[in-house]
Amino acid sequence: MTTVRYAPSPTGRLHLGNARPALVNWLYARANGGRYVLRLDDTDTARSTEAFARGIEEDLAWFGVTPDLKVRQSDRTALYDAARDRLIAAGRLYPAYETEDELERKRARARLLGRPPIYDRAALSLTDEDKAKYEAEGRKPHWRFKLDGRPVTFDDLVKGPQTVNTASMSDPVLVRADGSYLYTLPSVVDDIDLGITHVIRGEDHVSNTGTQIEILEALGGKVPAFAHLNLLTGAEGEGLSKRLGSLSLAELRETGYEPMAVAAAAVLTGTSLPVEPYPDLDAMAEAFRLDTVSHGSARFDPAELASLNTRILHHMPYETARPRLEALGLASEPLWLALRGNLGVFGDIVDLATLVHGPVTPVVADEDRDYLAEARGLLPAEPWDETTWSKWTETLKAKTGRKGRALFHPLRLALTGREQGPELKALLPLLGRMESLARLP
Ligand code: GLU
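Residues numbered from 1 in each chain as written. Predicted model: local features only at pLDDT ≥ 70, side-chain atom pairs only at ≥ 80, totals over all residues. Heavy atoms only, no water.

A.B. asks: What is the right way to read the site of the ligand from this model?
C.D. replies: Contacts to the ligand come from Arg5, Ala7, Ser9, Asp41, Tyr183, Ser187, Arg201 and His205. Within the contact set of the ligand, an oxygen atom lies 2.7 Å away from a side-chain nitrogen or oxygen of Arg5. For the ligand, a nitrogen atom lies 2.8 Å from a polar atom in the backbone of Ala7. When the ligand is considered free in solution it has 300 Å² of accessible area, and contact with the protein chains removes 77% of it. (Near = heavy atom within 4 Å. Polar contact = N/O pair within 3.5 Å; in protein donor to acceptor, adjacent residues only side chain to side chain. Areas by Shrake-Rupley, 256 points an atom, 1.4 Å probe, with all protein chains shown as cover.)

Next up, the structure:
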């Protein structure tokens, strides 16, 4: 069965860039009848917090992403210990005693000699006596994975055939001197243990994939399919998290962005699909395919997010909006239909509703006073409907000879007190004759 995982570290709030793999994994699972695992990569105990872990789940729930399984790496140390021991027994994990300073000196020397600064594997030739001496000095080993050195190839579902040349890489440290694990080994162990069939993540992990395939094979695991997504960047191609770092999902939510607007921006930017709203993630899952993800950059334009949001609101059916309108005491279909076209974010409805329910301070220019008085006198009798506005203004046009802005704008200013706003055709029946009379001088 298709099984994917989204594996954030609970060391901060999710931002738009994180939403990309979070959602793409979900879409892939939905489209393939698969399972979605949320794996909290919390092996960095100093930086991981419970509050961040909760925040991640809240953010996913906001999109409607409900993991089939949730695991925390901090609960699974025994599995990693067992894998570590197997790799040691197989001669693939070896102890090394260099301090950070010593390693830095080695790198500097390699650079001077014009060699790539990769680890020289000196620790592989340590004798038992050498090791005992280090231990007697109080040094504890860190543990490195012995890379095979053969090119690792895989067929990336986004980027096509890939080759990672592990011969040009340092043997990665999998276990720190204090016994704690870096991300690499736990990730592989979990991918095997949880039966992950597809690893979908950011393209910053491509070289890790080379190492991880070697570790997977060393542990006898089945190598999953990989898909590396281009990273969202700012408009100039700069990293998203720095300049647009304020765009945490929580902040976007608080600002009033619709989850499907954020989802469309996070998923569709940098694909060959148009960046347009979808009614829900299931509809997006039907349209989305990994091979639509571009090999180039995914430049995010904040204006696009705003535009997605307004498009969603402007077409939102009353039934969809109703629960939220009820919470605001504004549940009325005609009110919603009259105002939705002017919403930037949903919460704008509170302000716009004052155009109907007041208070409104009519704006009346001196030169329009006579015209407005005439308009007042010609207000049609009730009942009013969507045709009332055109009937009224047609009559006014014929009587006064005014047209265009001179005909309409003074009416808007008097009736709403504002330069711009919702269509008066829809607003007028909501005001009713009494209220309209009260606003006309
Ligand atoms: N915790 C890792 C990250 O956030 C997970 C990467 C992966 O998906 O394997 O980058």
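A.B. asks: Explanation requested: the nonpolar core in the structure shown.
C.D. replies: Counting 89 residues, the largest nonpolar core has Phe63, Leu281, Met284 and Trp392 as its most contacted members. Here Leu281 is in contact with Leu23, Trp26, Leu27, Phe63, Val65, Met260 and Ala263, once residues within four sequence places are set aside. The next biggest cluster of nonpolar side chains, apart from the first, holds 27 residues, and it includes Val71, Ala83, Leu93 and Leu185. (Core = buried A, V, L, I, M, F, W, Y, C linked by side-chain atoms within 4.5 Å. Buried < 20%, exposed > 50% of the residue type's maximum accessible area, 1.4 Å probe, protein only. Contact = heavy atoms within 4.5 Å.)

A.B. asks: Explain the environment of Arg107 to me, please; I cannot follow it from the model alone.
C.D. replies: Inspection of the secondary structure puts Arg107 in helix 4 (residues 100-112). Spatially, the C-alpha atom of Arg107 lies 28 Å from that of Thr43, the residues being 64 residues apart in sequence. Ignoring any residue separated from it by four or fewer positions in sequence, one finds Arg107 in contact with Glu100 and Pro117. (Helix = DSSP H or I, 4+ residues; strand = E, 2+ residues; numbered from the N terminus.)

A.B. asks: Help me understand the pattern of salt bridges in this model?
C.D. replies: Note on pairing: side chains with opposite charge can pair once their charged atoms come close. Tallying each qualifying case throughout the model produces 35 salt bridges. Put simply, Lys106 and Glu98 hold a salt bridge, and the shortest N to O gap is 3.2 Å. The buried category is assigned to Glu98, whose relative accessible area is 13%. Here Asp351 and Arg418 are joined by a salt bridge, their closest N and O atoms 2.9 Å apart. Placement of Asp351 in helix 15 (residues 348-357) and of Arg418 in the loop between helix 18 (404-416) and helix 19 (424-439) is noted, with a sequence separation of 67 residues between them. (Salt bridge = Lys/Arg side-chain N within 4 Å of Asp/Glu carboxyl O.)

A.B. asks: What am I meant to see in the packing of helix 10 (residues 259-268) against helix 12 (residues 302-314) here?
C.D. replies: If you want to describe how two helices pack, look at the angle between their axes and the distance between the axes. As a packed pair, helix 10 and helix 12 sit with axes 8 Å apart at the nearest point and diverge in direction by 140 degrees. Between helix 10 and helix 12, the interaxial angle falls into the category oblique. Both helix 10 and helix 12 take part in a crossing whose hand is right-handed. On helix 12, the residues touching Met260, Ala261, Val262, Ala264 and Ala265 of helix 10 are Leu305, Leu308, Asn309 and Ile312. Class assignment of the residues belonging to the contact of helix 10 with helix 12 gives a composition of eight nonpolar, one polar and no charged. (Axes fitted to C-alpha atoms, helices over the stretch in contact; angles between N-to-C directions. Parallel < 35°, antiparallel > 145°, perpendicular 65-115°, else oblique. Left-handed = near helix turned anticlockwise from the far one by under 90°. Nonpolar A, V, L, I, M, F, W, Y, C, P; charged D, E, K, R; others polar.)

A.B. asks: Hey, could you run me through the sheet that holds strand 5 (residues 142-145) in this one?
C.D. replies: Sheet strands pair via backbone hydrogen bonds, and the direction of the pair is either parallel or antiparallel. Taken together, three strands build an open sheet; the order of strands is 4-5-8 and the sheet is antiparallel. Of all strands in the sheet, those bounded by a partner on one side alone are strand 4 (93-96) and strand 8 (173-175). Strand-to-strand twist of the sheet, defined as the mean angle between neighbouring strand axes without regard to direction, takes the value 45 degrees. In the sheet, strand 5 pairs with strand 8 via two bridges, with the strands oriented antiparallel. (Pairing = 2+ DSSP bridges.)

A.B. asks: Hey, could you run me through helix 12 in this one?
C.D. replies: Along an α-helix, residues three or four apart share an orientation, since each turn contains 3.6 residues. Taking 1.5 Å of rise per residue, 13 residues should cover 18 Å, and helix 12 covers 19 Å from first to last C-alpha, within 8% of that figure. For helix 12, the full list of buried residues reads Leu305, Leu308, Asn309, Ile312 and Leu313. Within helix 12, the buried residues cover an arc of 130 degrees as seen down the axis, which keeps them to one side. Where helix 12 begins, the side chain of Asp301 points an oxygen toward the backbone nitrogen of Ala303, at a separation of 3.0 Å. (Expected span 1.5 Å × (residues − 1). Arc of directions from axis to C-beta.)

A.B. asks: Explain unusual backbone geometry here, please?
C.D. replies: Comment: phi is negative for the bulk of residues other than glycine, and the bulk of peptide bonds are trans. Geometrically, the link from Gly358 to Pro359 is a cis peptide bond, its omega value of 0 degrees lying close to zero. Within the element layout of this structure, Pro359 appears in the loop between helix 15 and helix 16 (369-377). Residue Pro383 is reached from Glu382 by a cis peptide bond, and omega for that bond is 5 degrees. With respect to the secondary-structure elements, Pro383 resides in the loop between helix 16 and helix 17 (388-400). One non-glycine residue with positive phi stands out, namely Arg121, at about 65 degrees. Turning to its location among the elements, Arg121 is positioned in the loop between helix 4 and helix 5 (128-136). Assessed through its relative accessible area of 29%, Arg121 is described here as partly exposed.

A.B. asks: Explain the packing of helix 3 (residues 77-89) against helix 6 (residues 184-193) to me, please; I cannot follow it from the model alone.
C.D. replies: In the contact formed by helix 3 and helix 6, the axes pass within 10 Å of each other and the chain directions differ by 105 degrees. As summarised for this structure, helix 3 and helix 6 are arranged roughly perpendicular, according to the angle between their axes. When helix 3 is examined against helix 6, the residues Leu79, Tyr80, Ala83, Arg84 and Leu87 are found in contact with a partner set consisting of Leu185, Pro186, Val189, Asp190 and Asp193. Partitioned by chemical class, the residues of the contact of helix 3 with helix 6 number seven nonpolar, no polar and three charged.

A.B. asks: I tried to follow helix 2 (residues 50-63) on my own but got confused; where do I start?
C.D. replies: Here helix 2 contains 14 residues, and its C-alpha end-to-end distance of 21 Å stays within 8% of the 20 Å for a straight helix at 1.5 Å per residue. Residues of helix 2 that are buried: Ala53, Gly55, Ile56, Asp59, Leu60, Trp62 and Phe63. Backbone geometry just downstream of helix 2 places Gly64 in the positive-phi region, at approximately 90 degrees.

A.B. asks: Quick question: what am I supposed to make of the side chain of Thr269 here?
C.D. replies: Take Thr269: it is sitting in the loop between helix 10 and helix 11 (281-287). For Thr269, a relative accessible area of 3% corresponds to the buried category. For Thr269, the contacting residues outside a window of four places in its chain are Arg20, Leu232, Ala264, Val275, Ala298, Arg299 and Phe300.

A.B. asks: What should I look at first to understand the pairing of strand 10 (residues 225-229) in this one?
C.D. replies: Side-chain direction in a regular strand flips from residue to residue, so the side chains alternate between the two faces of the sheet. For strand 10, the buried fraction is high: four of the five residues fall into the buried class. Across five bridges, strand 9 (residues 198-202) lies against strand 10 in parallel orientation. Within the sheet, the bridge partner assigned to Arg201 lies in strand 10 and is His228. Viewed along the sheet, the connection from strand 9 through helix 7 (residues 206-218) into strand 10 turns out right-handed. (Right-handed = clockwise from strand over helix to strand, strands pointing away.)

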